[in-house]
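Geometric and topological summary
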Amino acid sequence: MKARHATINTVTLTCSNCGSGQFTRLAPREYRCDHCHAVTLVEDSVAERLEQILRGMRPAPAAVPRSRAPAAVLAAGVAVVAAIAAWLAVDGLRPAVAPPRGRPRRPSIRRKSG
């Protein structure tokens, strides 16, 4: 595949071939359009300025989000232990129910008349 050549508009930082503004540095003075893959050679002074501008345009690497799962599991565990401890404390404060004294009463049986 033959490389296409284009120029970069240093004012708008766009490819003269397709108008894209996304470039990849291939060498100190050589850039390739990420859209049409046209290659551009620039002068040293332009290359330095272009590199500074392109570095500023690229998004910073995304920070890896920290997982909150360990903290959530720990908090849930603490809540469960606290609930069990509170239930045991309340249960220990209640007076024990004593069984009724004396002979158990038998239900009376009534006969139907008639």
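Scroll up to find the structure this text is about.
From a predicted model like this one, the values you see are computed outputs, not experimental measurements. (Residues numbered from 1 in each chain as written. Predicted model: local features only at pLDDT ≥ 70, side-chain atom pairs only at ≥ 80, totals over all residues. Heavy atoms only, no water.)

Re the side chain of Ser20
- As for its position among the elements, Ser20 is in the loop between strand S2 (14–15) and strand S3 (23–27).
- At 3.2 Å, the side chain of Ser20 forms a polar contact with the backbone nitrogen of Gln22.
- Residue contacts for Ser20: discarding those within four places in its chain leaves Leu13, Thr14, Cys15, Cys33 and His35. (Helix = DSSP H or I, 4+ residues; strand = E, 2+ residues; numbered from the N terminus. Polar contact = N/O pair within 3.5 Å; in protein donor to acceptor, adjacent residues only side chain to side chain. Contact = heavy atoms within 4.5 Å.)

A closer look at the sheet that holds strand S5 (residues 39–41)
- The strand order across the open sheet built from 3 strands is S3-S4-S5, with neighbouring strands paired in antiparallel fashion. Because the sheet does not close on itself, it has two edges, and the strands there are S3 and S5. Shown here is a sheet whose adjacent strand axes are inclined to one another by a mean of 30°, direction ignored.
- The pairing of strand S4 (residues 30–33) with S5 spans 3 bridges and is antiparallel. Residue pairing in the sheet places Glu30 in a bridge with Leu41 of S5. (Pairing = 2+ DSSP bridges. Axes fitted to C-alpha atoms, helices over the stretch in contact; angles between N-to-C directions.)

Brief notes about the pairing of S3
- Pairing geometry for S3 and S4, over 4 bridges, is antiparallel. Residue pairing for S4: Ala27 is matched across the bridge by Glu30.
- Following S3, the chain reverses through 2 residues before pairing antiparallel with S4.

Looking at the pairing of S4
- Burial along S4 is one-sided: the residues Tyr31 and Cys33 are buried and none of Glu30 and Arg32 is.
- Between the antiparallel neighbours S4 and S5 lie 5 residues, among them His37 with a positive phi of about 65°. (Buried < 20%, exposed > 50% of the residue type's maximum accessible area, 1.4 Å probe, protein only.)

Some remarks on the environment of Gly19
- Mapping Gly19 onto the fold places it in the loop between S2 and S3.
- Through-space distance from the C-alpha of Gly19 to that of Cys33 is 9.3 Å; in sequence the pair is 14 residues apart.

Quick word on the environment of Ala38
- For Ala38, the location among the structural elements is in the loop between S4 and S5.
- In this structure Ala38 comes out as buried when scored by relative accessible area, which is 0%.
- Along the primary structure Ala38 and Ile8 are separated by 30 residues, whereas in three dimensions their C-alpha atoms are 10.0 Å apart.
- The residues contacting Ala38, other than those within four sequence positions of it, are Arg4, His5, Ala6, Cys15, Asn17, Tyr31, Arg32 and Cys33.

Interpretation note: all reported values are geometric properties and have no functional meaning in isolation.
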